[in-house]
Amino acid sequence: MIDYTSQTKYSNFSINKHSLQAIFGIPGVVFYDSVIRDNLIFLSARLKAKTAKCTCCGKRSKSVHSSYTRKLTDLSVTGRAVKIILKVRKFRCRSSSCTQTIFSEQHLPLTQRYSRLTERTTHYLQRLLVEVSSCKGEYISSLFSIKQSSSTCLRIVKSIEMPDYQELTTIGIDDWAYRKGKSYGTIIVNAINNRPVELLKSRDKEEVADWLKEHNSIQYITRDRSSSYSKAIKSGAPNAAQIADRFNLVKNLGDHISDEIRMGYKTIKNEWLAHRKSLYQSKENNSSSSSGGHEDTRDSQYNKNNNSVNHRKQEMFIRIHELKKHNYSQRAIAKALNINRNTVRYYFEMEELLPRAAIYYNNYGDFMDLIKECCNQGFNVRTIFVSIKKQGFKGNQTSFYQWFNRHFPEYQTKKRLPVPLGSSPIVYEATKFSGMSPNRLAIHLTNSEWGVSKETGECSKSHILAEEIINSSILLKNMREAYNTFREILNSKDELRLDQWLEKYKSTKIKRIKSFINGINHDLEAVKNAIKYPWSNGVVEGHVNRLKNKKREMYGRAGFELLRRKVVFSNSG
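Residues numbered from 1 in each chain as written. Predicted model: local features only at pLDDT ≥ 70, side-chain atom pairs only at ≥ 80, totals over all residues. Heavy atoms only, no water.

S.K.: Got a minute to help me understand empty space enclosed by the protein in this structure?
M.R.: Rolled over the atoms, a probe as big as a water molecule pinpoints where empty space is left. Under the definition given, this model contains one cavity of 30 Å³ or more. Sorting the residues of the lining of the largest cavity by element identifies helix H4 (150-158) and helix H25 (560-569) as the ones contributing at least two each. By residue number, the principal contributor to the lining of the largest cavity is H4, which donates three residues. A class-by-class count of the residues in the lining of the largest cavity yields six nonpolar, two polar and one charged. (1 Å grid on protein atoms, 1.4 Å probe; cavity = no way out; pocket = protein on both sides within 12 Å on 5 of 7 lines; lining within 4 Å. Points joined across faces, edges and corners; volume = space filled by probe spheres on them. Helix = DSSP H or I, 4+ residues; strand = E, 2+ residues; numbered from the N terminus. Nonpolar A, V, L, I, M, F, W, Y, C, P; charged D, E, K, R; others polar.)

Next comes the structure, spelled out in structure tokens:
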């Protein structure tokens, strides 16, 4: 019973036990008294049963030895914290064969052993705390008058039992970084309801295969192009159909195309410049002024200086190719030079080291005729700058002055020489090409709508330049055709068209396309399943991003078991 002697006149309220049972009722528990003290509500309760089952032998006893009280925190009411004062009885075990002499009655479903929270409060906090960090959980729980410390919040989340999924039929699998570049784990997602079901501490073949063996109902598994997961699935679920991710297939082909452009960048540039030169041939023949020739030389030298190759990279390039001449493999070169194998692969097939691409944002070439017209009229440099600025020139005054003095050194304020209007230098086109890096060119090649406004259909200058470059190169046109047809096949639901595509390009001279085809042949069944079935690994990639957010939420300090529950049970980002 609650002691009323120390209470104020209006501290206790009279509610009969039937009303208390209706408001706070829990099966098997009798509420028989209540008191308000400040912002606390105290409820007196006891268990309804007259007997209790021995925790050791399981036999029931009705011999009461003694009793004690437990204070449990329940869900709050009208902002007031609720404390249940539970009377707990101790019983004697009368079984002669039992080693337990005295035992306490159990309180399920009210609470667990040694717990200071009711079961419903624990479930409520588990659903809440799995969505937030422990510090935020401490603050939010205080707002609901069930305040818990940050350490207790972590313990509550870790007490959640992981479910045992036995009826999985379709799953997606991918890796995630516990420490980027150091240790990786595996995330498994149910592709039917798009919910994560498990986090594994490793992405090793053995651990993944062991988990798959425990879930033999799985029929379809989506994955990326990883060979380790392919081997794990063959070992752990040999009857399951493997489905390669369509996004990764398209991205892999795009990466191969980007590498091919990077390797043949110099050839592509020369082809385009030859194409542009033929278009400007008549313009060159009509040019008789020597200023254009001086401009060409100076501008070429200027571009050369701005696109110089880094000395350290040049040295690395030379050392790699020296070892290549001595028949060293890429792995052996990486080991000998103590560098990453990806770096070796990057330089290994280059015939010449490409200079760093310099992007010229100042569009002088678009205003060359206007500049020369102003020069012929005798305007000073300031007036010329103001004129082209009004027409949309992007550069500032200082950079324009430097450019003008470099390209028109004879033109002075007091001695102005006329400049022919038709002498735009061809070198401007080379400068223009330098703004189209291999990566940007690959983007335009694989996406013909890139740089085109969806509202007006207006094309950007980058898009126009890229289309000119692609149309001038047979290599680029062939790669665009291969890329577009492959994407159409992935969306066609007809896996027979893939065989035709492979047959068409198996004898191609494009080295990276041939490498991509070899990879497809090693994983042909999974790629055909990607065309045949509707599932993909996109939802798994989304949950990997959720996992990264959970790691940031806990400042990267979450242990594996805590992170595992946060990812599997959380319903928000």
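S.K.: Would you mind showing me how to read the environment of Lys48 here?
M.R.: In this fold, Lys48 is placed in the loop between strand E2 (40-47) and strand E3 (52-53). Under the relative-accessibility criterion, Lys48 is labelled exposed at 60%. Once the C-alpha coordinates of Lys48 and Val30 are considered, the two residues, 18 residues apart in sequence, prove to be 5.9 Å apart. Discounting residues that sit within four places of it in the chain, Lys48 has contacts with Gly28 and Val30. (Buried < 20%, exposed > 50% of the residue type's maximum accessible area, 1.4 Å probe, protein only. Contact = heavy atoms within 4.5 Å.)

S.K.: I keep staring at the nonpolar core and nothing clicks. Help me out?
M.R.: Grouped together as the largest cluster of nonpolar side chains are 38 residues, with contacts concentrated most on Ile261, Leu441, Leu476, Phe486 and Trp501. Examining the composition of this core, we find that seven residues originate from one element, helix H20 (residues 474-490), more than from any other. When sequence neighbours within four positions are dropped, the list of residues in contact with Trp501 reads Ala482, Thr485, Phe486, Ile489, Phe516 and Ile517. Core analysis: the second largest hydrophobic core is formed by 23 residues, Val130, Val157, Ala558 and Leu563 among them. (Core = buried A, V, L, I, M, F, W, Y, C linked by side-chain atoms within 4.5 Å.)

S.K.: What exactly am I supposed to notice about the packing of aromatic side chains here?
M.R.: How two aromatic rings sit relative to each other is given by the distance of their centres and the angle of their planes. Under the counting rule described, the total for this entry stands at 22 aromatic pairs. When the ring of Tyr220 is compared with that of Trp535, the centres are 5.0 Å apart and the planes differ by 35 degrees; the resulting orientation is tilted. Pair noted here: Tyr220 is in strand E11 (residues 220-223) and Trp535 is in the loop between helix H23 (524-532) and helix H24 (538-553), with a separation of 315 residues, a long-range link. The class for Trp535 is partly exposed, based on a relative accessible area of 23%. Site record: aromatic cluster; members linked through ring pairs are Phe367, Phe385, Phe393, Phe400, Tyr401, Trp403, Phe404 and Phe408. For Arg203, the ring lying beneath its charged end belongs to Tyr184, and the centroid distance is 3.9 Å. (Phe/Tyr/Trp six-rings, centres within 6.5 Å; stacked < 30°, edge-to-face > 60°. Lys NZ or Arg CZ within 6 Å of the ring centre and 35° of its normal.)

S.K.: Which parts of the structure should I look at to understand the sheet that holds strand E12 (residues 241-244)?
M.R.: Hydrogen bonds along the backbone pair up the strands of a sheet, which may run parallel or antiparallel. With mixed pairing, five strands are arranged side by side in an open sheet as E10-E9-E8-E11-E12. Where the open sheet ends on each side, the last strands, each with one partner, are strand E10 (195-200) and E12. Strand-to-strand, the axes of this sheet are offset by a mean angle of 30 degrees, without reference to chain direction. As paired strands, strand E9 (residues 183-190) and E10 are joined by five bridges and run antiparallel to one another. Residue Ile188 lies in a different strand from E10, and its bridge partner there is Glu198. Against the sheet, helix H5 (residues 205-213) engages strand E8 (170-179), E9, E10 and E11, with an angle of about 130 degrees to E10. (Pairing = 2+ DSSP bridges. Axes fitted to C-alpha atoms, helices over the stretch in contact; angles between N-to-C directions.)

S.K.: What is the right way to read a nonpolar patch on the surface from this model?
M.R.: On the surface, Tyr139, Leu143 and Phe144 cluster together into a nonpolar patch covering about 340 Å² of accessible area. Owing to a relative accessible area of 55%, Leu143 belongs among the exposed residues under this scheme. (Patch = residues over 30% accessible without salt bridge, like charges linked within 9 Å, V, L, I, M, F, W, Y side chains within 5 Å. Areas by Shrake-Rupley, 256 points an atom, 1.4 Å probe, with all protein chains shown as cover. Salt bridge = Lys/Arg side-chain N within 4 Å of Asp/Glu carboxyl O.)

S.K.: How should the pairing of E12 be read in this particular structure?
M.R.: Here is the key point about a regular strand: its side chains alternate between the two faces of the sheet. A two-sided burial pattern is seen for E12, the buried positions comprising Ala241 and Ile243 on one face and Gln242 and Ala244 on the other. In this structure, E11 lies alongside E12, joined through four bridges in parallel fashion. Across the sheet, Thr222 pairs through a bridge with Ile243, a residue of E12. With helix H6 (residues 227-236) bridging E11 and the parallel E12, this β-α-β connection has right-handed handedness. (Right-handed = clockwise from strand over helix to strand, strands pointing away.)

S.K.: Got a minute to help me understand the pairing of E11 in this structure?
M.R.: Summarising the sheet, E8 and E11 pair through three bridges and their orientation is parallel. If you follow Thr170 over to E11, its bridge partner there is Tyr220.

S.K.: So what exactly am I meant to see when it comes to the side chain of Asp245 here?
M.R.: In this structure, Asp245 sits in the loop between E12 and helix H7 (246-263). We note that Asp245 is buried and unpaired, the nearest opposite charge coming from Arg246 at a distance of 6.5 Å. Polar contacts involving the side chain of Asp245 include one to the side chain of Asn248, which spans 2.7 Å. With sequence-adjacent residues up to four places away left out, Asp245 is seen in contact with Arg223, Asp224, Ser536, Asn537 and Gly538. (Lys, Arg positive; Asp, Glu negative; His and termini not counted. Polar contact = N/O pair within 3.5 Å; in protein donor to acceptor, adjacent residues only side chain to side chain.)

S.K.: For this particular structure, what's the right way to read a negative patch on the surface?
M.R.: Among the surface-exposed residues, Asp164, Asp204, Glu206, Glu207, Asp210 and Glu214 lie close enough to one another that they form a single negatively charged patch. Inspection of the secondary structure assignment puts Glu207 in helix H5. (Charge placed at Lys NZ, Arg CZ, Asp CG, Glu CD.)

S.K.: Is there a simple way to explain unusual backbone geometry in this structure?
M.R.: Both trends apply: most residues other than glycine have a negative phi, and most peptide bonds are in trans. Omega for the bond connecting Leu108 with Pro109 falls within 30 degrees of zero, at 5 degrees, which places this linkage in the cis form. On the secondary structure map, Pro109 appears in the loop between strand E7 (102-104) and helix H2 (119-129). One non-glycine residue, Lys493, lies in positive phi territory at about 65 degrees. Its relative accessible area of 48% is what places Lys493 among the partly exposed residues.

S.K.: Explain the pattern of salt bridges to me, please; I cannot follow it from the model alone.
M.R.: Counted by the stated rule, this structure contains 18 salt bridges. Between Arg262 and Asp259 there is a salt bridge, and its shortest N-O distance comes to 2.9 Å. Taken as a pair, Arg262 and Asp259 lie in helix H7 at a separation of three residues, close to a single helical turn. Two residues, Lys511 and Glu349, come together in a salt bridge whose shortest N-O distance is 3.4 Å. Linking Lys511 in helix H22 (residues 511-522) with Glu349 in the loop between helix H13 (341-348) and helix H14 (368-376), this pair joins segments that are 162 residues apart in sequence. The class for Lys511 is exposed, based on a relative accessible area of 52%. Looking at Glu349, the relative accessible area reads 26%, which means it is partly exposed.

S.K.: Hey, could you run me through H24 in this one?
M.R.: If you check H24, its first and last C-alpha atoms are 23 Å apart, about what 16 residues at 1.5 Å a residue would give, namely 22 Å. All of the buried residues along H24 are Val540, His543, Val544, Arg546, Leu547 and Lys550. End-on, the buried residues of H24 take up no more than an arc of 160 degrees, which puts them together on one face. Buried residues in H24 make contact with E8, E9, E10 and H25. Tyr555 sits one or two positions beyond H24 and adopts a positive phi of about 55 degrees. (Expected span 1.5 Å × (residues − 1). Arc of directions from axis to C-beta.)

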